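Examination of the molecular architecture
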Amino acid sequence: MEEHIGSCCCGDIEYCFKGDPINSIFCYCSECQSLTGSDKWFGIWVPKDNFNFTKGAPSTYSRVGDSGKKVNYQFCGNCSTTLCAEITVGKFNSVSATSLKNNKFSPKMSIYTSSAPSWALFPENVPKFDILPPGMGG
Ligand SMILES: [Zn+2]
Ligand SMILES: [Zn+2]
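The name given to the protein in an unreviewed UniProt entry is GFA family protein, with the source organism recorded as Halioxenophilus aromaticivorans. Among the UniProt annotations of the protein, the heading Sequence similarities (unreviewed entry) holds the following wording: "Belongs to the Gfa family."

Attention now goes to the coordination of the zinc ion (ligand 1). When a metal carries six donors in an octahedron, the ideal angles between them are 90 or 180 degrees, while four donors in a tetrahedron ideally lie at 109.5 degrees. Taken together, Cys 8 (SG), Cys 10 (SG), Cys 76 (SG) and Cys 79 (SG) make up the protein donors of the zinc ion (ligand 1), found 2.3 to 2.4 Å from the metal. Here the zinc ion (ligand 1) is ringed by four donor atoms whose angles at the metal span 107 to 114°, and the overall shape comes out tetrahedral. Counting residues between consecutive donors of the zinc ion (ligand 1) along the chain gives the motif C-x1-C-x65-C-x2-C. You can see Cys 8 sitting in the loop between β1 (3-7) and β2 (14-18) and its partner Cys 76 sitting in the loop between β7 (70-75) and β8 (82-87), a full 68 residues away along the chain. Under the relative-accessibility criterion, Cys 8 is labelled buried at 5%. Residue Cys 76 is classed as buried on the basis of its relative accessible area of 1%.

Quick look at the side chain of His 4 now. Summarising the element assignment, His 4 is placed in strand β1. Of the polar contacts made by the side chain of His 4, one reaches the backbone oxygen of Gly 19; its length is 3.5 Å. Contacts of His 4, omitting those with residues within four sequence positions, involve Tyr 15, Cys 16, Phe 17, Gly 19, Leu 100, Lys 104 and Phe 105.

Our next topic: the coordination of the zinc ion (ligand 2). Summarising the metal site, the zinc ion (ligand 2) is bound by the protein donors Cys 27 (SG), Cys 29 (SG) and Cys 32 (SG), whose distances to it range over 2.2 Å. Counting gaps between the donor residues of the zinc ion (ligand 2) yields the pattern C-x1-C-x2-C.

What counts, and at which threshold
- Residues numbered from 1 in each chain as written.
- Chains lettered and ligands numbered in written order.
- Predicted model: local features only at pLDDT ≥ 70, side-chain atom pairs only at ≥ 80, totals over all residues.
- Heavy atoms only, no water.
- UniProt positions renumbered as here; feature names shortened; annotations may be inferred.
- Donors = N, O, S within 2.8 Å, 3.2 Å for Na, K, Ca; no water.
- Tetrahedral: all angles 85-135°; square planar, octahedral: opposite > 155°, others 65-115°.
- Helix = DSSP H or I, 4+ residues; strand = E, 2+ residues; numbered from the N terminus.
- Buried < 20%, exposed > 50% of the residue type's maximum accessible area, 1.4 Å probe, protein only.
- Polar contact = N/O pair within 3.5 Å; in protein donor to acceptor, adjacent residues only side chain to side chain.
- Contact = heavy atoms within 4.5 Å.

Shown next as structure tokens:
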């Protein structure tokens, strides 16, 4: 299986995931805006079992998601880069595409667009969903 590696800004934390992601999304929810200082988070969804930290120990910030289950953000305590968000209800990690060394993925859908700021940018020809697509839980 193909390996994908990434790291935080300062290099203290590194990770690796194997194989193809199950999804790649632009998320415009208010939490993602706060975390990124931007209109969206570019998340690469990777099954939890395929993802490992390979250097350093990330700090964790947890909040309760729309599902009522926890979302655990893993970030570098030194440079504050968020590397991934563990979506416990779906047993996958939403890996920050901008932390990947060679990101070859492109967004397949835009989600939580109802929370997007008025100045948000949306990619062309990518389906938009007010919150999540039907059947994706949340
Ligand atoms: Zn760092
Ligand atoms: Zn979000």
